[in-house]
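Single-letter residue listing:
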Amino acid sequence: MRIYQTNEIKNISLVGSSGSGKTTLAESMLYEGGLVKRRGSVEAGNTVSDYFPVEHEYGYSVFPAVLHVEWLNKKLNFIDCPGSDDFVGGLITSLSVTDTALMLINSQHGVEVGTQNQHRQIDKMGKPCIFVINQLDHEKADYENSIESLKENYGGKIIPIQFPLSVGPSFNALVDVLLMKMYQWKPEGGVPEILPIPEEYMQKAKDMHNVLIEAAAEHDEGLMDKYFSEGSLNEDEMRLGIRKGLITQDILPVFCVCAGRDMGVRRLMEFLGNVVPFVSDMPYPQTTEGIKVAPDKNAPTNIYVFKTSVEPHIGEISYFKVMSGTVKESDDLFNTTRNSKERINQLFSVAGQTKEKVEELVAGDIGATVKLKNTRTANTLNNGTSEQQFNFIQYPDWKYRRAIKAVNASDDAKLGEILNRMHEEDPTWTIEYSKELKQTLVLGQGEFHLKTLKWRIENNDKIPVSFSDPKIPYRETIRKAARADYRHKKQSGGAGQFGEVHLIIEPLIEGEAAKDVYKFNGQEFKISVRDKQITPLEWGGKLEFINSIVGGSIDARFLPAIQKGIMDCMEQGPLTGSYARDVRVIVYDGKMHPVDSNEISFRLAGRHAFSEAFKNAGPKILEPVYDVEITVPSARMGDVIGDLQGRRAVIMGMESEKNMEKINAKVPLKEMNNYSIALSSNTGGRASFNMKFSNYELVPAEVQETLLKDYAETHKDED
Ligand SMILES: Nc1nc2c(ncn2[C@@H]2O[C@H](COP(=O)(O)OP(=O)(O)OP(=O)(O)O)[C@@H](O)[C@H]2O)c(=O)[nH]1
Ligand SMILES: [Mg+2]
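Please read these numbers as outputs of a predicted model, since none were measured by experiment.

Draft legend 1. Quick look at the pairing of strand β4 (residues 100-106). Taken across its 7 residues, β4 has 7 buried, putting it largely inside the fold. Taking every second residue as pointing to the same face, both faces of β4 are buried, with T100, L102, L104 and N106 on one and A101, M103 and I105 on the other. Of the pairings in the sheet, the one linking strand β1 (residues 9-16) to β4 comprises 5 bridges and is parallel in character. Across the sheet, V15 pairs through a bridge with M103, a residue of β4. Read as a crossover between parallel neighbours, the route from β4 over helix α4 (residues 113-124) to strand β5 (residues 129-134) is right-handed.

Draft legend 2. Representation of the layout of surface pockets within the structure. Estimates place the volume of the largest pocket at around 1,200 Å³. Forming the walls of the largest pocket are 46 residues, and the residues nearest its centre are I92, Q121, K124, M125 and Q394. Of all the secondary structure elements, the ones that give two or more residues to the lining of the largest pocket are α3 (88-97), α4, β13 (315-324), β35 (620-633) and β38 (688-698). Class assignment of the residues belonging to the lining of the largest pocket gives a composition of 20 nonpolar, 14 polar and 12 charged. Counting contributing residues, the lining of the largest pocket receives three or more from each of domain 1 (6-165 + 250-281) and domain 5 (621-703). The calculated volume of the second largest pocket comes to roughly 900 Å³. Lining the second largest pocket we find 28 residues, and of these K471, I472, T576, S578 and Y711 sit closest to its centre.

Draft legend 3. Spotlight on the coordination of the magnesium ion (ligand 2). Around the magnesium ion (ligand 2), the protein contributes the donor atoms T23 (OG1) and S61 (OG), which lie 1.9 to 2.0 Å from the metal centre. Of this pair, T23 sits in helix α1 (residues 22-32) while S61 is found in the loop between α2 (53-58) and β2 (65-71), placing the two residues 38 residues apart along the sequence. The class for S61 is buried, based on a relative accessible area of 8%.

Draft legend 4. Spatial organisation of the side chain of T683. Mapped onto the secondary structure, T683 falls in helix α15 (residues 675-683). Accessibility expressed as a relative area gives 1% for T683, which makes it buried. In this structure the side chain of T683 is engaged in a polar contact, spanning 3.4 Å, whose partner is the backbone nitrogen of A687. Sequence-distant contacts of T683, defined by excluding residues within four places in its chain, comprise V632, R636 and V640.

Draft legend 5. Representation of the domain arrangement of the protein chain in the model. Domain parsing of the protein chain yields domain 1 (6-165 + 250-281), domain 2 (302-382), domain 3 (400-471), domain 4 (476-602) and domain 5 (621-703). The C-alpha-based centres of domain 2 and domain 4 are spaced at 60 Å.

Draft legend 6. Spatial organisation of the packing of aromatic side chains. Inspection of every chain in the model, using the stated rule, returns 22 aromatic pairs. Seen from their ring centres, F255 and F271 are 4.6 Å apart, and the 55° between their planes marks the pair as tilted. A residue pair is termed long-range when its members are at least 10 positions apart, and F255 in strand β11 (residues 252-256) and F271 in helix α9 (residues 265-274) qualify at 16 residues. Just as F255 is buried, F271 falls in that class too. Ring geometry for F306 versus Y319: centroids 6.5 Å apart, planes at 40°, classification tilted. On the criterion of sequence distance, the pair formed by F306 in strand β12 (residues 302-311) and Y319 in strand β13 is long-range, its members being 13 residues apart. Its relative accessible area of 3% is what places F306 among the buried residues. Following the ring pairs from residue to residue traces out a cluster consisting of W398, Y626, F693 and Y696. Over the face of the ring belonging to F689 we find K399, whose NZ or CZ atom lies 5.6 Å from the ring centre.

Draft legend 7. Seen up close, the side chain of S324. Relative to the elements of secondary structure, S324 occurs in strand β13. Classification of S324 as buried rests on a relative accessible area of 2%. A distance of 2.8 Å separates the side chain of S324 from the backbone oxygen of P300, its partner in a polar contact. The contact partners of S324, leaving out residues within four places of it in the chain, are V293, A294, D296, A299, P300, T301, N302 and A363.

Draft legend 8. Seen up close, the sheet that holds strand β7 (residues 162-164). Strand order in the open sheet formed by 4 strands is β7-β8-β9-β10, with antiparallel pairing between adjacent strands. Unpaired on one side and paired on the other, β7 and β10 (193-195) mark the two borders of the sheet. When strand polarity is set aside, the average angle formed by the axes of neighbouring strands in this sheet is 25°. Where strand β9 (residues 181-184) meets β10, 3 bridges bridge the pair, whose relative direction is antiparallel. Residue pairing across strands places M182 opposite L195, the latter belonging to β10.

Draft legend 9. Region of interest: helix α5 (residues 143-154). With 12 residues, α5 should cover 16 Å at 1.5 Å per step; its first-to-last C-alpha distance of 16 Å lies within 8% of that length. Where α5 is concerned, the buried positions are Y143, S146, I147, S149, L150, N153 and Y154. The buried residues of α5 occupy an angular sector of 165° when the element is viewed end-on, so they sit on one face. Looking at the buried side of α5, the elements it contacts are β4, α4, β5, β6 (158-160), β7 and β11. Its side-chain oxygen 3.4 Å from the backbone nitrogen of E144, D142 forms the N-cap of α5. Once α5 finishes, G155 follows within two positions and takes phi at roughly 60°, a positive value.

Draft legend 10. Looking closely at the site of ligand 1. Around ligand 1 lies a shell of 21 residues, among which K22, T24, E43, G83 and D137 are the nearest. In this structure, an oxygen atom belonging to ligand 1 sits 2.9 Å away from a side-chain N or O atom of T23. The separation between an oxygen atom of ligand 1 and a polar main-chain atom of G260 is 2.9 Å. Protein contact buries 85% of the 650 Å² of open area that ligand 1 shows by itself. The element contributing the most residues to the shell around ligand 1 is α1, with 3 residues. Looking at the shell around ligand 1 residue by residue, the classes come out as 5 nonpolar, 13 polar and 3 charged.

Draft legend 11. Broad picture of the packing of helix α6 (residues 199-217) against helix α8 (residues 235-247). Two elements in contact, α6 and α8, have axes separated by 8 Å at closest approach and are oriented at 60°. Regarding α6 and α8, the two cross each other, and that crossing is left-handed. On α8, the residues touching H209, L212, I213 and A216 of α6 are M238, G241 and I242. Of the residues contributing to the contact of α6 with α8, the split by class is 5 nonpolar, 2 polar and no charged.

Draft legend 12. Looking closely at helix α7 (residues 221-230). N-capping of α7 is provided by D220, with a side-chain oxygen placed 2.9 Å from the backbone N of G222. Downstream of α7 by one or two residues, G231 has phi in the positive range, about 75°.

Reading guide: rules and limits
Residues numbered from 1 in each chain as written. Chains lettered and ligands numbered in written order. Predicted model: local features only at pLDDT ≥ 70, side-chain atom pairs only at ≥ 80, totals over all residues. Heavy atoms only, no water. Buried < 20%, exposed > 50% of the residue type's maximum accessible area, 1.4 Å probe, protein only. Helix = DSSP H or I, 4+ residues; strand = E, 2+ residues; numbered from the N terminus. Pairing = 2+ DSSP bridges. Right-handed = clockwise from strand over helix to strand, strands pointing away. 1 Å grid on protein atoms, 1.4 Å probe; cavity = no way out; pocket = protein on both sides within 12 Å on 5 of 7 lines; lining within 4 Å. Points joined across faces, edges and corners; volume = space filled by probe spheres on them. Nonpolar A, V, L, I, M, F, W, Y, C, P; charged D, E, K, R; others polar. Domains from an automatic or database assignment. Donors = N, O, S within 2.8 Å, 3.2 Å for Na, K, Ca; no water. Polar contact = N/O pair within 3.5 Å; in protein donor to acceptor, adjacent residues only side chain to side chain. Contact = heavy atoms within 4.5 Å. Phe/Tyr/Trp six-rings, centres within 6.5 Å; stacked < 30°, edge-to-face > 60°. Lys NZ or Arg CZ within 6 Å of the ring centre and 35° of its normal. Axes fitted to C-alpha atoms, helices over the stretch in contact; angles between N-to-C directions. Expected span 1.5 Å × (residues − 1). Arc of directions from axis to C-beta. Near = heavy atom within 4 Å. Areas by Shrake-Rupley, 256 points an atom, 1.4 Å probe, with all protein chains shown as cover. Left-handed = near helix turned anticlockwise from the far one by under 90°.

Structure representation (C-alpha cells):
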C-alpha cells in the first residue's frame, strides 16, 4: 500500500443517532473506494464495520470501527462510531483522534436527542461538523422537516449544499448548489449522471447558491472583497471559504444521501477529499504539559494509542494515531505512560477486520499494531527522544450499574482479571469492588453497554456470570442526644478483663459545639472538654470524639481504645450494618480496675456503650441522592414526570428548548437502578439523562421500616 503524507490524510468520524445509517454509508464509501467488491448490509451481518459477533447478534454497532479509503489520491480515515448513547465512550474516543465529524440525520426523524447529545460533544471538542441527511428513499423520508429541525437547532450556520428532487422510494436525483449541477442515479446507484439543473428548480438552486457563496465569503477577507467587487466566487474560492467556516464551526453544511442504495455517496466523498480540513489545518493537540505538537513527519515520533481490543482471528490489537514523526516496522518505542519498551512488529492500515500491512505511517495517520506487551488505551509511545504524553480523552460519568459475579465461585479470580482488561479496552466500563457492599460493581452507560460486557465475558472468555441489583450504600445517623453506660467484665481463669465507659452521643451538626450540661431523666451531666478529636470518615461525614473525663476515672491511655471500639460500631451501624456518620461522642466517666483493665476491655466497653446509646438516639437511615438531568422530547414529558414521581423524585426545575424539555430532579439512588431502561421505554429511546452524586438524605419512615425488617430477616441466624 502507498505511504500517504500528512497533507494527503483526512481523519473523519461517522456519527449520528442509532440507526441513522453510518455503517451502511461506510460500506458504500468502501465500495466506491474499491476496498470491497460487494456492499454488505447490516441486516445480513456482513458489513466491514460491524465485524464483532456481538454486533451481528444485536444488529447494530457496538465498537468504533476504523476504516480507510483511498480517494482522489488522498487517504480518508474513517471511524464508524456506534450511535447509541450506551456506547458514547467510543464516540468520544473517535472524535478525539479525528478532525471532522460527519453527522448522519435519519430523514424520517430529523434531529433526534442522540443528534443533539452528539453535537454538543462535537461542539465542546471544537470539531468541524457536516450533516448528511440519509435514507431519502425511505417511505417516511421528510427532507423539509429534517432541514427545519436542523435550522431550529443550529440556526443560520446550517447551509444546505444539496436538495433532493423527490423523496421516498422514487428518490434518484438531487441538485448540488455548490457545483450547480443535477446528479441522477440508475436504480443500482454508484456513479451518477451529471446533468444541467432543470428549469423548474433553477430559481431555488440559485437562491441556495447565493446563501452558500455569502457564507463562504464571510470567513475570509480576500473572498469578501472579491464577492463585493464581482458578486460571485469560483468553485475553488467557495471551497476555501467553506473550509475556513468549517474549521471555526461557523458553517454546518448539509448533504443528502441514500446510503442504502449508494446514491450521493461519491459526491460526498469528493467534498470530503476536496474541502474538509487536513490534519495540519486544525489546532494542534496538546501534551499533558500543555505543549502543542504539530503533525510534522520529521519531528520525534509520538504515537497515541486510543483503543486496544481483543479481536476475532487476531487477538490483542492496538489502534493509534501518529501525533508526530513517522512510525516504521521494527521501530523500538518507549511507552512513556507505563515506562516500558515496546517493539512495533507489524504495522497496519485498517478497514474493519481487514488489516493491510504498511511499512510506515506518518504524522496524522491512523493505524494499528499487534502484540504490544504492556500498552493500554490512552498510552503514548515515542522513540525515546522526548517524554511527551497525551491524554486528551475525557470519559463521562456512569449512568447504569449492576453487581456482577461468576456463576462458579472458582472463576472469581479470573473474572477479576478479565474485568480489569475490559476496563482497559473501554474505560467507560468501570469496575469497583465495594468492601462496604461486598459486591463487585460494573458501572457503565446503559443496559446494553453492560449487557455487551456480559456477552463478551461469556462468549470470549467462556465464564458464565450473573448480574444482580447492586446494594445501596446506606448510612446511619442519629437525630437526638442519648446516654449509655457499659461495663465489660470477665473473670474466668487467669487475667481478668475490666472496663467501664459512660458516654453521651448526639448529632454532629456543622457549627454547633458541645453543650456544657446535658440532661437525661432529670439528671444533669456537666461537660468539661479536655480533648477533642474530629475524624473525617472515609465513607463521608465525621466523628467528633470528646474526652471529658474528670478525676482520672479512666486513664488517658485507654481513650484511644474506647475510640476504636466506637469506630468498630460506626463501621457497622446498629440498624442495618451500614456505615454511621455525623456523630459526636462525649466520654465523661467510667471505671478502671488496677489489674484487669486493658485496651481490649475498653474497646469492647466503648463499642457496646456506643451501640446502646445509638439505638436510643432516634437513629435514622440515610440514603444517597443523585442530581439527575433528563432531556426529553416535549411530547413525552408527561410520561417521564409521572415515572419520576413513582421514584420519590423531587423535581428541581424544568426548562424547555427547541421541542425538548430539560428536567432537573433529585432522585434516591435506590430508585435509579433500572432508570435507563424505563426512560428508554417511556420515550421510544428518544431521551437521555445523566446523574451525579448529590448528598445523603433521611429515608422516609416506611422505607426505613422495610429496610430494618429486611436486615433483621437476613441476619436472623447471626444472633
Ligand atoms: N431505506 C434505507 N434504509 C437505510 C439506509 N441506510 C441505512 N438504512 C437502514 O437503516 C438501518 C440502520 O442502519 P445502520 O447503517 O446500521 O445504522 P447505524 O447508524 O450504523 O446504526 P448504529 O450502529 O446503531 O449507530 C439498517 O436497517 C439499514 O439497512 C438508506 O439509505 N435507506
Ligand atoms: Mg453502525
